[in-house]
Amino acid sequence: MAQKFEDEDIDVEVACKTGYLSKKSRTKTGRLSNWRKRYFVLTRTSLKYFKDEEEASSGGMAKAIVYLQQRTKISEVAQRENCFQIKSPGVKPLTLQCKDEASM
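In this report, we go over the structure that sits alongside the text. (Residues numbered from 1 in each chain as written. Predicted model: local features only at pLDDT ≥ 70, side-chain atom pairs only at ≥ 80, totals over all residues. Heavy atoms only, no water.)

So, on to the overall build of the chain. Of regular secondary structure, the chain possesses one helix and nine strands. Ordering the α and β elements of the chain from the N terminus gives β-β-β-β-β-α-β-β-β-β. Accessible surface computed for the chain: about 8,100 Å², of which carbon and sulfur atoms make up 47%. (Helix = DSSP H or I, 4+ residues; strand = E, 2+ residues; numbered from the N terminus. Areas by Shrake-Rupley, 256 points an atom, 1.4 Å probe, with all protein chains shown as cover.)

This is the structure in structure tokens:
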């Protein structure tokens, strides 16, 4: 559970779902892509990912945060099974794959 402090009010972001997904990443040249297992934390307002569960639970800094907005689009990627892409304004598209349909 992550806590965010603003002035004297405390807003607690509760994780709705957590777990591992495969994330598509590119090499530095941008040509080839690799799939890496990463630990994700989904809240009502954001999707964050970490290298692993230990990094997330120890309060480590997220590798990336996608703020979920009305303009955020989620679409299926037909070329891979249980794969989808998240597009949010101002952020590079995030392509993810679940191990099975129940995990989606």
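Picking up after the structure, the text goes on.
Another aspect to go through is the packing of aromatic side chains. Going through the model one piece at a time under the given rule, you end up with two aromatic pairs. Ring centres of Y20 and Y39 lie 5.2 Å apart, and the angle between their planes is 70°; on these two criteria the pair is classed as edge-to-face. With a gap of 19 residues between them, Y20 in strand β3 (residues 17-26) and Y39 in strand β4 (residues 33-42) connect regions that are remote in the sequence. Overall, Y20 belongs to the partly exposed group, its relative accessible area being 36%. (Phe/Tyr/Trp six-rings, centres within 6.5 Å; stacked < 30°, edge-to-face > 60°. Buried < 20%, exposed > 50% of the residue type's maximum accessible area, 1.4 Å probe, protein only.)

The next subject is unusual backbone geometry. The phi dihedral of N82 is positive, around 55°, even though this residue is not glycine. With respect to the helices and strands, N82 occurs in the loop between β7 (73-76) and β8 (83-87). With a relative accessible area of 15%, N82 lands in the buried category.

Before going further, it helps to examine the nonpolar core. The biggest cluster of nonpolar side chains holds ten residues, and these are L21, F40, L47, Y49, V66, F84, I86, L94, L96 and C98. Looking at this core, the elements that each hand over two or more residues are β5 (46-50), β8 and β9 (94-97). When sequence neighbours within four positions are dropped, the list of residues in contact with Y49 reads K23, R38, Y39, F40, A62, K63, A64 and L94. (Core = buried A, V, L, I, M, F, W, Y, C linked by side-chain atoms within 4.5 Å. Contact = heavy atoms within 4.5 Å.)

As a further point, take the sheet that holds β4. Taking strand neighbours across the sheet as the criterion, the seven strands line up as β6-β5-β4-β3-β9-β8-β7 in an open arrangement whose pairing is antiparallel. Looking at which strands have only one partner, the edges of the open sheet turn out to be β6 (64-67) and β7. With strand direction ignored, the average angle separating the axes of adjacent strands in the sheet is 35°. Bridge count between β5 and β6: four bridges; the pairing is antiparallel. Across the sheet, the residue bridging to L47 is V66, located in β6. (Pairing = 2+ DSSP bridges. Axes fitted to C-alpha atoms, helices over the stretch in contact; angles between N-to-C directions.)

A few words on a positive patch on the surface. There is a patch of like positive charges on the surface, built from K24, R26, R80 and K92. Owing to a relative accessible area of 34%, R80 belongs among the partly exposed residues under this scheme. (Patch = residues over 30% accessible without salt bridge, like charges linked within 9 Å, V, L, I, M, F, W, Y side chains within 5 Å. Salt bridge = Lys/Arg side-chain N within 4 Å of Asp/Glu carboxyl O. Lys, Arg positive; Asp, Glu negative; His and termini not counted. Charge placed at Lys NZ, Arg CZ, Asp CG, Glu CD.)

Let us now look at a negative patch on the surface. Taken together, the side chains of E76, E81, D100 and E101 define an acidic patch exposed on the protein surface. By the secondary structure assignment, E101 is in the segment after β9. On the accessibility criterion, E101 (63% relative accessible area) is exposed.

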